[in-house]
Amino acid sequence: TTIGPIFDALRFVLNPLGVDCDVIGTLDGISSQTTCSVSDDVVAPPVQTETNLGDDLYTTTTYVKNLADIALDIKQIEDDLELNRKDLALLIYREGQNSPVYDKFGIKTDVRSIADFSKNASNTMMNNPIFQVTVFALEDEFGEYLGADARNYADSVVMSFFNSEENTGTVAAEAAVALNIGMEVINELYQQLANCRDQRIQDDNGIHSIDQVAALYIGDGEISGNHEEGHLLYNLAERMAIKFGTVDEASGMALANLKFLRLLNQARLDLSFPQACSGDLTTVRKLTRTVNKIVPQIIVVQVQALINAVLEDDRNRVRVHAHAVVPLVRACNEVTFEYLQDKLLNANFAETEVDAVISRLYSSLFCFGVTCADVGDHQEAETGAVCSAPTGLAPMVGYRPREEVIEYARLDLDIQYLDIMMAKKALGPAMDVYMFGLHSAGTAADGSSSVSLQNLAIGSGRSVVPEYNTHVQYYNSDNNYADTIVLDALNPASTFTDIERRQIVVGTAQYMIMYMAILQSMYESVSACKAGGRTDTSALLWDKAAAYIIGSMEGPVEEPYTVRPGVFLWGLGKKYCTSWGTCRNIITGSSLVNQEILSLLYTGRGAVNVQSCEALEKAAREMTSLLRVSLFQTTLSEVESTGTSQDSPLREEHFARSYSAARSLLPLISKENRDDANFISSTLDPDGPLLGASGETEKRANAILVEKALIDNIDDLDTDCALVGQTSTADACSGEVESERKNTVPLVIGITLGAIVGGALAIMLFVCQARKGQRNKDEQAKFIRNQQGVMDETRDFDPTDSRGQAATDELDHSDAAPAGDGTFSDVKLPEPV
């Protein structure tokens with residue numbers, strides 16, 4: 001009776017020591033007295049042991065059956081809940097039963113529990129951007145959700161069903177699959193990206209991790225194409241595919257599952273090469289593209305399940321799947337998120353609101369990289385909601401691109417995610433989003449041309465931009481100056497505060513990287529035009545510049561910043577036009593500078609169509625000046641807010657934003673006036689006198705000096721001061737800056753005073769145009785609306801006229817040229833509101 005434990009101990013140590021148990025043999029022929037007979041419950045099979053998942057649905061090359069057996073826990077929880085044995089079901093959820101955990105030597109150390117996927121998330125999911133966005137959306141000011149740590153939100157939702165006094169059936173089990181296991185599947189994928197990036201993957205470790213993803217997604221007991229068997233996400237996808245008509249005819253499998261497994265095999269292939277994750281970042285970039293395609297397949301299933309629950313009025317399941325989908329909308333549109341949060345997270349919608357709720361869901365599909373075809377149409381329930389996600393040629397606030405550039409526009413979602421990662425202090429995922437991208441797959445069919453913010457920041461093509469060398473020289477001959485700034489801020493060892501770090505990373509992407517990317521695309525379009533040949537390349541590059549100006553978050557028509565808060569320069573034009581008195585229409589939120597930009601975008605497109613390279617180059621030069629308007633407005637506004645804010649964290653936020661925005665202008669200011677540039681730079685330094693001044697009066701005085709120095713250089717940078725406008729304390733044209741200057745552009749509300757506002761804005765546009773003086777007609781380009789109201793490439797563009805007006809169905813641009821006296825007396829101004 002005493003010798004057994006000795007053999008047990010020897011069994012545990014022989015395998016890691018590499019000793020062949022057969023050499024030792026069996027003592028006295030007694031089977032229990034051997035080092036070779038080891039129970040599967042104690043020691044795992046060799047890691048190279050294959051696991052057949054789903055009856056030949058997916059065969060792994062490593063042992064993952066122990067992980068697939070988590071499905072048996074779900075089955076037992078479902079069985080117990082159906083028999084009203086909630087306590088037993090809760091015990092299995094919390095403690096686990098069927099999924100053993102082994103150490104690196106293959107020795108069983110514990111039993112895996114579904115609850116722990118969520119309860120350990122604060123330690124295990126730091127590299128998961130989907131998790132970080134979800135927590136960011138759900139948490140309150142104290143970092144809590146449903147009375148507990150928001151990072152444990154999945155467990156909190158599951159427990160709300162276990163603790164419910166009403167009979168919720170098996171909803172707790174479905175919640176555990178959708179939220180706990182679903183997020184763990186996504187987490188395994190992003191963890192492998194982090195491991196590959198940090199070169200922590202060796203030999204078959206990467207492939208083993210991909211096999212683990214398959215085990216968690218498919219589970220034990222699944223049968224290919226059988227929606228009645230199985231318990232995990234694969235089975236949920238099969239059931240939803242039948243309801244939404246998204247079954248692949250050839251395989252009989254849900255399209256989401258088919259794509260998931262194909263992409264998972266691609267990820268395994270990416271990691272199968274020797275030393276795949278060592279050396280350069282080629283494998284990381286490939287793996288990133290693959291993972292960024294896998295995750296949307298999981299979200300498709302959750303969206304289908306959510307819509308199905310809404311249509312069936314199953315409020316409990318609405319809450320379950322809403323927690324997997326709705327928080328992700330927060331990274332695209334906060335207004336839509338708040339609406340869906342109320343209606344779906346709380347299951348607080350009336351029967352009459354079903355169509356509206358589903359329509360808002362449809363409008364958010366682009367946030368997830370999901371299409372209407374992916375989701376399909378419900379085959380049983382009727383709904384008036386129609387899915388119409390934006391296509392590659394969809395208009396961007398009135399601009400209709402000739403080429404498909406929606407993928408480039410989606411870079412604004414990367415900036416949104418970057419902002420959230422920085423807010424959550426998740427520097428690892430922030431680095432991944434910045435370096436490898438998350439939302440933009442480029443235009444190549446295989447996704448090989450995926451675009452990241454770092455790609456734009458270090459691309460050699462920037463040398464085509466006339467002012468590029470000015471920026472390089474200012475930043476000590478650093479060709480990748482913006483990248484240097486971002487990487488420094490992302491470095492945990494840098495001395496920035498968390499607030500400064502966030503604003504510098506995000507602001508540099510907004511104000512510096514995207515600004516130069518726009519210029520690069522425009523001047524590459526000019527170069528392509530001059531090279532001759534087909535116009536496709538030049539058109540694509542010009543439309544890409546439009547995508548980088550507007551972004552994907554703005555939608556097809558103009559809406560106020562409070563409704564669609566875009567993060568590209570177009571969004572900044574809307575954000576600051578109210579305070580600067582330059583809003584063209586207070587209902588749509590359109591700004592004067594954005595209308596000028598839209599007009600020039602059509603000018604450039606028309607020039608491309610008729611191959612008028614001179615007019616195209618002129619449009620690019622004029623666009624460059626217009627883009628600086630929002631940069632000046634942003635910098636000036638944030639400097640003023642820094643000087644007047646009484647709240648320390650808020651002041652620091654304004655300061656860091658002004659610091660980042662100013663760095664896009666300083667190289668240009670330095671070229672014209674080095675003393676002003678040096679003064680602005682030193683004052684806006686984190687250790688400078690603006691933030692570091694001891695008294696409030698001194699802070700405001702320093703802010704005024706910076707504002708004056710900035711305004712003094714507006715004309716030198718060929719920027720129209722009238723488009724910059726005036727606030728209650730600063731006038732871009734007169735140069736006046738004072739602490740209590742009377743606002744000359746008051747905000748008036750009401751029908752009577754609305755006419756005054758309209759007149760004031762019309763006068764402002766009049767002055768704006770008059771300042772430009774008369775332009776030589778042989779340098780002008782103009783678009784003329786034809787009788788059908790659409791653009792005609794050959795008739796609508798006049799290459800002898802340089803400043804075009806767009807002929808679109810959405811916007812009524814003036815076709816007038818300057819009057820002979822240069823006063824623009826013939827201009828028909830759009831009707832402001």
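The rules behind these values
Per chain, the residues get numbers from 1 upward, laid out in the order the sequence is written. Predicted model: local features are reported for residues with pLDDT of at least 70 only, side-chain atom pairs are reported and counted for 80 or more only, and whole-chain, interface and lining totals are derived from all residues. Note: side-chain values were computed over all heavy atoms of the structure, leaving out hydrogens and water. Throughout, an axis means a line fitted to C-alpha atoms (over the contacting stretch in the case of helices), and angles, computed between N-to-C directions, take values from 0 to 180 degrees. Secondary structure is summarised from DSSP: a helix means a run of H or I of at least four residues, a strand means a run of E of at least two, and numbering begins at the N terminus for each. Roughly parallel here means an angle under 35 degrees, roughly antiparallel means over 145, roughly perpendicular means 65 to 115, and every remaining angle is called oblique. For any pair of crossing helices, the crossing counts as left-handed if the nearer helix is rotated counterclockwise from the farther one by less than a right angle, and right-handed if it is rotated clockwise. A contact between two residues is defined here by any heavy atoms of the two lying within 4.5 Å. Three categories are distinguished: nonpolar for Ala, Val, Leu, Ile, Met, Phe, Trp, Tyr, Cys and Pro, charged for Asp, Glu, Lys and Arg, and polar for the others, with Gly belonging to the last. When a residue's accessible area, from a 1.4 Å probe over protein chains only, is under 20% of the maximum for its type it is buried; when over 50% it is exposed; and in between it is partly exposed. In protein, a polar contact requires one atom able to donate a hydrogen and another able to accept it; more generally it is a pair of N or O atoms within 3.5 Å, and residues adjacent in sequence count only if both atoms are side-chain atoms. Each aromatic pair joins two rings of Phe, Tyr and Trp (for Trp, the six-membered one) with centres within 6.5 Å, and gets the label stacked for planes under 30 degrees apart, edge-to-face for over 60, and tilted for any other angle. Cavities and pockets are found on a 1 Å grid laid over the protein atoms alone: a cavity is a set of points where a 1.4 Å probe fits but cannot escape, a pocket is an open set with protein on both sides within 12 Å along at least five of seven lines, and a lining residue has an atom within 4 Å of such a point. Grid points are joined across faces, edges and corners, and a volume is the space filled by probe spheres set on the points. For our purposes a nonpolar core is just a set of buried Ala, Val, Leu, Ile, Met, Phe, Trp, Tyr and Cys residues, chained together by side-chain atoms within 4.5 Å. Each reported salt bridge corresponds to a side-chain nitrogen of Lys or Arg within 4 Å of a carboxyl oxygen of Asp or Glu. Disulfides are defined as pairs of cysteine sulfur atoms found within 2.5 Å of each other. Known as pLDDT, the predictor's per-residue confidence is scaled from 0 to 100. Between any two strands, at least two bridges found by DSSP are needed for them to pair.

## Some details on the packing of helix H29 (residues 592-609) against helix H30 (residues 613-644)
For any two helices packed against each other, one specifies the inter-axial angle together with the distance between the axes.
For step 1, the next point in the chain: In contact at an axis separation of 9 Å, H29 and H30 are set at 160° when each is read in the N-to-C sense. It follows that H29 is roughly antiparallel to H30 by the angle criterion. In this structure, the crossing between H29 and H30 has a hand that is left-handed. Where H29 approaches H30, its residues Val-593, Glu-596, Ile-597, Leu-600, Leu-601, Thr-603, Gly-604, Ala-607 and Val-608 are matched on the opposing element by Ala-615, Leu-616, Ala-619, Glu-622, Met-623, Leu-626, Leu-627, Val-629 and Ser-630.
For step 2, the next point in the chain: Partitioning the contact of H29 with H30 into residue classes produces 13 nonpolar, 3 polar and 2 charged.

## Observations regarding the side chain of Glu-467
For step 1, the next point in the chain: Tracing the sequence through the fold places Glu-467 in the loop between helix H23 (453-458) and helix H24 (468-474).
For step 2, the next point in the chain: Given a relative accessible area of 9%, Glu-467 falls into the buried group.
For step 3, the next point in the chain: In this structure the side chain of Glu-467 is engaged in a polar contact, spanning 2.6 Å, whose partner is the side chain of Arg-628.
For step 4, the next point in the chain: Not counting residues up to four positions away in its chain, the partners in contact with Glu-467 are Tyr-515, Leu-519, Thr-624, Arg-628 and Leu-668.

## A few points about the packing of aromatic side chains
For step 1, the next point in the chain: One pass over the structure, following the stated rule, counts 9 aromatic pairs.
For step 2, the next point in the chain: Where Tyr-93 meets Phe-162, the ring centres are 5.6 Å apart and the plane angle is 40°; that geometry is what we call tilted. Note that Tyr-93 is positioned in helix H5 (residues 86-95) and Phe-162 in helix H9 (residues 153-162), a separation of 69 residues in sequence.
For step 3, the next point in the chain: For Tyr-93, a relative accessible area of 0% puts it in the buried group.

## Points about empty space enclosed by the protein
For step 1, the next point in the chain: What the rule picks out here adds up to 7 cavities of 30 Å³ or more.
For step 2, the next point in the chain: In this model, the second largest cavity occupies a volume close to 100 Å³.
For step 3, the next point in the chain: Around the second largest cavity sit 14 residues that line it, and Ala-178, Met-183, Ile-186, Gln-302 and Ala-324 are the ones nearest its centre.
For step 4, the next point in the chain: Mapped by element, the contributors of at least two residues to the lining of the second largest cavity are helix H8 (129-138), helix H10 (171-197), helix H14 (282-311) and helix H15 (315-329).
For step 5, the next point in the chain: The leading source of residues in the lining of the second largest cavity is H10, at 5 residues.
For step 6, the next point in the chain: Among the residues making up the lining of the second largest cavity, the classes are represented as 10 nonpolar, 4 polar and no charged.

## Remarks on the environment of Ser-734
For step 1, the next point in the chain: Mapping Ser-734 onto the fold places it in the loop between helix H35 (721-724) and helix H36 (751-771).
For step 2, the next point in the chain: The spatial distance from the C-alpha of Ser-734 to the C-alpha of Cys-721 is 8.8 Å, given a sequence separation of 13 residues.
For step 3, the next point in the chain: Within the structure, the side chain of Ser-734 is placed 3.2 Å from the backbone nitrogen of Glu-736, a separation counted as a polar contact.

## Some details on the side chain of Ser-364
For step 1, the next point in the chain: With respect to the secondary-structure elements, Ser-364 resides in the loop between helix H17 (354-363) and helix H18 (365-368).
For step 2, the next point in the chain: Classification of Ser-364 by relative accessible area gives buried; the value is 3%.
For step 3, the next point in the chain: Separated by 3.0 Å, the side chain of Ser-364 and the backbone oxygen of Arg-360 make a polar contact.
For step 4, the next point in the chain: Excluding its chain neighbours within four sequence positions, the residues that come into contact with Ser-364 are Val-329, Thr-336 and Leu-340.

## Digging into the nonpolar core
Soluble globular proteins tend to pack their nonpolar side chains together in the buried interior.
For step 1, the next point in the chain: Ranked by internal contacts, the top residues of the largest apolar core, which has 243 residues, are Tyr-93, Phe-162, Leu-344 and Phe-368.
For step 2, the next point in the chain: Broken down by element, the residue count for this core peaks at 17 residues, all from helix H26 (residues 498-531).
For step 3, the next point in the chain: The contacts of Phe-368, once residues within four sequence positions are left out, are Pro-296, Ile-299, Val-303, Val-325, Leu-328 and Val-329.

## Some words on the pattern of salt bridges
For step 1, the next point in the chain: The final tally for this structure, using the stated rule, is 34 salt bridges.
For step 2, the next point in the chain: Between Asp-314 and Arg-317 there is a salt bridge whose closest N-O contact spans 3.1 Å.
For step 3, the next point in the chain: Overall, the relative accessible area of 21% leaves Asp-314 in the partly exposed class.
For step 4, the next point in the chain: Given a relative accessible area of 21%, Arg-317 falls into the partly exposed group.
For step 5, the next point in the chain: Between Glu-559 and Arg-564 there is a salt bridge, and its shortest N-O distance comes to 2.6 Å.

## Some words on the state of the cysteines
For step 1, the next point in the chain: In this structure the tally under the stated criterion is 6 disulfides.
For step 2, the next point in the chain: Between Cys-577 and Cys-583 runs a disulfide, and the two sulfur atoms are separated by 1.9 Å. Since a negative S-S torsion denotes a left-handed disulfide, the Cys-577-Cys-583 link at about 85° is right-handed.
For step 3, the next point in the chain: Owing to a relative accessible area of 1%, Cys-577 belongs among the buried residues under this scheme.

## Considering the confidence of the model for the protein
For step 1, the next point in the chain: With 82% of its residues at a pLDDT of 70 or more, the protein shows a mean pLDDT of 85.
For step 2, the next point in the chain: For the stretch residues 740-759, pLDDT sits under 50, and the model shows 18 contacts to residues farther than four places along the chain or on other chains.
For step 3, the next point in the chain: In this model, residues 761-833 is a region of pLDDT below 50 whose contacts with residues beyond four sequence positions or in other chains number 151 contacts.

## Some thoughts on the environment of Thr-61
For step 1, the next point in the chain: Among the structural elements, Thr-61 can be located in the loop between strand S2 (58-59) and helix H3 (65-68).
For step 2, the next point in the chain: Its relative accessible area of 39% is what places Thr-61 among the partly exposed residues.
For step 3, the next point in the chain: Considering only alpha carbons, one finds Thr-61 and Val-47, 14 residues apart in sequence, at a separation of 8.6 Å.
For step 4, the next point in the chain: Setting aside anything within four residues of it in sequence, one finds Thr-61 in contact with Val-47, Gln-48, Thr-49, Glu-50, Ile-207, Asp-211 and Arg-268.

## Examining the packing of H8 against H15
For step 1, the next point in the chain: Relative to each other, H8 and H15 sit at 85°, their axes nearing to 8 Å. Relative to H15, H8 is oriented roughly perpendicular. In this structure, H8 contributes Ile-130, Val-133, Thr-134, Ala-137 and Leu-138 to the contact, and H15 contributes His-323, Pro-327 and Leu-328.
For step 2, the next point in the chain: Among the residues forming the contact of H8 with H15, the class breakdown is 6 nonpolar, 2 polar and no charged.

## Quick look at the pairing of strand S4 (residues 108-111)
Strand residues, when the strand is regular, have side chains that alternate between the two faces of the sheet.
For step 1, the next point in the chain: One ladder, built from 3 bridges, connects strand S3 (residues 100-102) with S4; its direction is antiparallel. Counterpart to Tyr-102 in the pairing with S4 is Lys-108.
For step 2, the next point in the chain: Taking the residues that link successive antiparallel strands as the turn, the S3-S4 hairpin has 5 residues, and the phi of Gly-106 there is positive, at about 85°.

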